[in-house]
Amino acid sequence: MNFFGGARPQPSSEQKIAAAEAEIEMVSNMFNQILAVKRLVETCTRKCIPETYREADLNKGESVCLDRCVAKFFEVNVKVSEKMQGEAAQKNGGPAPASGGMFG
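Residues numbered from 1 in each chain as written. Predicted model: local features only at pLDDT ≥ 70, side-chain atom pairs only at ≥ 80, totals over all residues. Heavy atoms only, no water.

> How should I be thinking about the nonpolar core in this particular structure?
Counting 7 residues, the largest nonpolar core is built from Ala-36, Leu-40, Cys-44, Cys-48, Leu-66, Cys-69 and Phe-73. When residues of this core are traced back to their parent elements, those giving at least two are α1 (13–48) and α2 (60–92). Of all the elements, α1 adds the most residues to this core, at 4 residues. (Core = buried A, V, L, I, M, F, W, Y, C linked by side-chain atoms within 4.5 Å. Buried < 20%, exposed > 50% of the residue type's maximum accessible area, 1.4 Å probe, protein only. Helix = DSSP H or I, 4+ residues; strand = E, 2+ residues; numbered from the N terminus.)

This is how it looks when you write it as C-alpha cells:
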C-alpha cells in the first residue's frame, strides 16, 4: 500500500524475468570491467616495475612506462569496442555508434 492508500500494481512474471535478466547483465558487465582492470594492473606492473625494487616510490622511468602502458590499454580497448559495436550494428541493420570504450 502506498502513502495515499492505494495498492501498488504487482509486476507480471515477464517483467520480473526482464528485471532479473537486466540485473544479471549489469553484474556481468561490472565483473568483466573488474577483470579488465585487474588484467591491466597485472600486465603493466609486470612490464614496467622490476620484481626487485630499491625504493618505495616509482622512479621516473617506471612512472612513464606505466602511463604509456595504461594509455595504450585504453586506446586499444576503445578501438576494439568501436569495432565490435560497429559490427553488431551492421548485423542488426542499424548505424554504427560514434564512440565506445570500456567505461562509456
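> I keep staring at the layout of surface pockets and nothing clicks. Help me out?
One way to see where empty space is left: roll a probe the size of a water molecule over the atoms. The computed volume of the second largest pocket comes to approximately 180 Å³. What lines the second largest pocket is simply Ile-49, Pro-50, Thr-52, Tyr-53, Arg-54, Glu-55, Ala-56, Asp-57, Leu-58, Asn-59 and Glu-62. Looking at the lining of the second largest pocket residue by residue, the class counts come to 5 nonpolar, 2 polar and 4 charged. (1 Å grid on protein atoms, 1.4 Å probe; cavity = no way out; pocket = protein on both sides within 12 Å on 5 of 7 lines; lining within 4 Å. Points joined across faces, edges and corners; volume = space filled by probe spheres on them. Nonpolar A, V, L, I, M, F, W, Y, C, P; charged D, E, K, R; others polar.)

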